[in-house]
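Chain by chain, the residues run as shown.
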Amino acid sequence: MLLLIQTLAMNIVNRQVLTLDEFTIQQLRQFPQATGELSGLLRDIGLAAKRINVEVNKAGLVDILGDAGEINVQGEDVKKLDVFANNQLTAVLHHGISCAGIASEEIQDYVAFDDEVSKNSKYVCLFDPLDGSGNIDVNVSIGTIFSVYRRVTSKGSIATREDFLQPGRSQVAAGYVVYGSSTMLVYATRRGVNGFTLDPSIGEFCLSHPGIKCPENGKIYSVNHGNFFQYDARVKQYIDVCQKKAKADGGPYTQRYIGSMVADVHRNLIKGGIFMYPGTMDKPKGKLRLLYECNPFAFITEVAGGKATDGKQPILDIKPMELHQRTPFFIGSKNMMEELESYLS
Ligand code: AHG
Ligand code: MN
Ligand code: MN
């Protein structure tokens, strides 16, 4: 018995739960030629995420709920937390040593940092500072989404538009944070997808979901049924198929739609499923933004073994023309996506 207790105690003492910083440094050690700039950038984003998390958690207590009184470049109401999250991310990336510039849902044009350290940095970062922000006031999960590219212009010069308008296939890393029942940061590089849960007792993201793989099959389909009559006939036909496979008819499928893409796609990534935001008759390109909403999730999902398309081509192959361009978006488990594609083609 004593031996058992001693062994348990030793296991607890030696328990090796890697923090986000420890994990990225461990990855770095496998590449002696790496500069550590990507680890630095992920650390900076992790810091901004912790600050945003604190504000999200006390949103009901302080005067940070509600509208900031502005309309953003998308013509949508800006919430105070959108502004806070945007400022935190911009500040940490500007103060860090890895980022030459940023583009954000909340800023009309890209911002190239013009100090010497930033001009000599390797990466640019694009983000949706707060996704699902319409859900803040009602205590539903929201998130942050980010995408990282190696700049195509030379180090030493100021970043330009072409650094930001790269196809998603060129992403070096992409990730998201879900502010939910717990706060999680998930990020992907070409080497894999890993998830970290915030341990509030030490204020660190700890590796909780190593090597995430998206199940090849799933049971969940996520779509805004309110727009059903606005969808293309082929999309409607696929949704019909999903409904026929749904539980009410004794089938395995079920419908789940939170209205916070981060939460919807995160759930489907872990459990298997398909998420759709198709174009509508009024808005043929749909609602979601290619660069800082769809591309990061497409990258993460492909690395995890799933697929993402606009209905015609892989999301990651689209050559972007504008920072805030929208695209129809279909993403999820490989086999569900292939079934969808058989209807769309
Ligand atoms: P954002 O809060 O950044 O503007 O994004 C909200 C997005 C996305 O998270 C969600 O899936 C979608 O809007 C929901 O839109 P509908 O209400 O039209 O379904
Ligand atoms: Mn969004
Ligand atoms: Mn947003």
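Residues numbered from 1 in each chain as written. Chains lettered and ligands numbered in written order. Predicted model: local features only at pLDDT ≥ 70, side-chain atom pairs only at ≥ 80, totals over all residues. Heavy atoms only, no water.

### Regarding the sheet that holds strand β13 (residues 273-277)
Thinking step 1. Pairing within the open sheet is mixed, and its five strands lie in the order β12-β11-β13-β15-β14. Each having just a single partner strand, β12 (254-255) and β14 (307-309) make up the two edges of the open sheet.
Thinking step 2. Sheet topology places β14 next to strand β15 (residues 329-332); three bridges connect them, and they run antiparallel. Looking across to β15, one finds that Lys 307 is bridged to Gly 332.
Thinking step 3. The sheet contacts of helix α9 (residues 290-303) involve β14 and β15, and relative to β15 the element is tilted by about 25°.
Thinking step 4. This element, helix α10 (residues 334-344), spans β11 (220-222), β13, β14 and β15 of the sheet and lies at about 30° to β14. (Pairing = 2+ DSSP bridges. Helix = DSSP H or I, 4+ residues; strand = E, 2+ residues; numbered from the N terminus. Contact = heavy atoms within 4.5 Å. Axes fitted to C-alpha atoms, helices over the stretch in contact; angles between N-to-C directions.)

### Section: the site of ligand 1
Thinking step 1. Taken together, 18 residues lie near ligand 1, and Gly 132, Asn 224, Tyr 257, Met 261 and Tyr 277 sit nearest.
Thinking step 2. A distance of 3.4 Å separates an oxygen atom of ligand 1 from a polar backbone atom of Leu 130.
Thinking step 3. Protein coverage of the free-state accessible area of ligand 1, which is 470 Å², stands at 85%.
Thinking step 4. When contributions to the shell around ligand 1 are tallied by element, the ones reaching two or more residues are β5 (123-131) and β13.
Thinking step 5. By residue number, the principal contributor to the shell around ligand 1 is β5, which donates three residues.
Thinking step 6. Tallied by class, residues from the shell around ligand 1 come to six nonpolar, five polar and seven charged.
Thinking step 7. Domain assignment of the residues forming the shell around ligand 1 places at least three in each of domain 1 (18-209) and domain 2 (220-344). (Near = heavy atom within 4 Å. Polar contact = N/O pair within 3.5 Å; in protein donor to acceptor, adjacent residues only side chain to side chain. Areas by Shrake-Rupley, 256 points an atom, 1.4 Å probe, with all protein chains shown as cover. Nonpolar A, V, L, I, M, F, W, Y, C, P; charged D, E, K, R; others polar. Domains from an automatic or database assignment.)

### A few points about the sheet that holds strand β6 (residues 142-150)
Thinking step 1. An order of β4-β3-β5-β6-β7-β8-β9-β10 is seen for the eight strands of this open sheet, with the pairing classed as mixed. Of all the strands in the sheet, just β4 (111-112) and β10 (204-209) have a single pairing partner and so form its edges.
Thinking step 2. As defined by bridge partners, β6 adjoins strand β7 (residues 171-179) across eight bridges and the pair is classed as antiparallel. Paired with Val 148 across the bridge in β7 is Ala 173.
Thinking step 3. Of the strands in this sheet, β8 (183-189), β9 (192-199) and β10 touch helix α2 (residues 20-29), which is tilted by about 10° from β8.
Thinking step 4. Sitting on the sheet, α9 is in contact with β3 (99-104), β5, β6, β7, β8 and β9, with an inclination near 100° to β7.

### What about the coordination of the manganese ion (ligand 3)?
Thinking step 1. Within the protein, Glu 105 (OE), Asp 128 (OD) and Leu 130 (O) serve as the donor atoms for the manganese ion (ligand 3), at 2.1 to 2.2 Å.
Thinking step 2. Site description for the manganese ion (ligand 3): donor spacing in sequence, E-x22-D-x1-L. (Donors = N, O, S within 2.8 Å, 3.2 Å for Na, K, Ca; no water.)

### Details of the packing of aromatic side chains
Thinking step 1. Scanning the model with the defined rule gives 10 aromatic pairs in all.
Thinking step 2. Between Tyr 176 and Phe 297, the aromatic rings sit 5.0 Å apart at their centres with planes inclined by 35°, giving tilted as the arrangement. With a gap of 121 residues between them, Tyr 176 in strand β7 and Phe 297 in helix α9 connect regions that are remote in the sequence.
Thinking step 3. Among the residues examined, Tyr 176 registers a relative accessible area of 0% and is labelled buried.
Thinking step 4. What links up through ring pairs into an aromatic cluster is the set Phe 23, Tyr 187 and Phe 196. (Phe/Tyr/Trp six-rings, centres within 6.5 Å; stacked < 30°, edge-to-face > 60°. Buried < 20%, exposed > 50% of the residue type's maximum accessible area, 1.4 Å probe, protein only.)

### Focus on helix α4 (residues 80-95)
Thinking step 1. The first and last C-alpha atoms of α4 sit 23 Å apart over 16 residues, in line with the 22 Å expected at 1.5 Å per residue.
Thinking step 2. Within the span of α4, buried status applies to Leu 81, Asp 82, Ala 85, Asn 86, Gln 88, Leu 89, Thr 90, Val 92 and Leu 93. (Expected span 1.5 Å × (residues − 1).)

### A few points about the coordination of the manganese ion (ligand 2)
Thinking step 1. Within the protein, the manganese ion (ligand 2) binds to Asp 128 (OD), Asp 131 (OD) and Glu 293 (OE); these donor distances fall in the range 1.8 to 2.1 Å.
Thinking step 2. Taken in sequence order, the residues that donate to the manganese ion (ligand 2) follow the motif D-x2-D-x161-E.
Thinking step 3. For the pair the manganese ion (ligand 2) and the manganese ion (ligand 3), the metal-to-metal distance amounts to 3.6 Å, and Asp 128 bridges them.

### Some details on the nonpolar core
Thinking step 1. One finds Leu 93, Cys 125, Leu 130, Phe 146, Val 148, Tyr 179 and Tyr 187 to be the most contacted residues of the largest nonpolar core, which totals 36 residues.
Thinking step 2. With eight residues, helix α3 (residues 37-57) is the largest single contributor of residues to this core.
Thinking step 3. Beyond its immediate chain neighbours, meaning those up to four positions away, Val 148 contacts Leu 38, Leu 41, Tyr 123, Val 124, Cys 125, Gln 171, Val 172 and Ala 173.
Thinking step 4. Counting residues in each nonpolar core, the second largest holds 30 residues, with Val 178, Leu 269, Leu 290 and Ala 308 among its members. (Core = buried A, V, L, I, M, F, W, Y, C linked by side-chain atoms within 4.5 Å.)

### Some words on the domain arrangement of the protein chain
A common way to express how large an interface is: the accessible area buried when the components associate.
Thinking step 1. When its domains are assigned, the protein chain resolves into domain 1 (18-209) and domain 2 (220-344).
Thinking step 2. Computed over C-alpha atoms, the centres of domain 1 and domain 2 are 23 Å apart.
Thinking step 3. Counting from both sides, the interface comprises 48 residues of domain 1 and, opposite them, 33 residues of domain 2.
Thinking step 4. Taken together, the links from domain 1 to domain 2 amount to three salt bridges.
Thinking step 5. Between Arg 169 and Glu 302 there is a salt bridge; the shortest N-O distance is 2.8 Å.
Thinking step 6. Breaking the side of domain 1 that touches domain 2 down by element, the ones donating at least two residues are β3, β5, β6, α6 (161-164), β7, β8 and β9.
Thinking step 7. Top element by residues in the side of domain 1 that touches domain 2 is β7. It accounts for eight residues.
Thinking step 8. For the side of domain 1 that touches domain 2, the per-class residue count stands at 24 nonpolar, 16 polar and eight charged. (Salt bridge = Lys/Arg side-chain N within 4 Å of Asp/Glu carboxyl O.)

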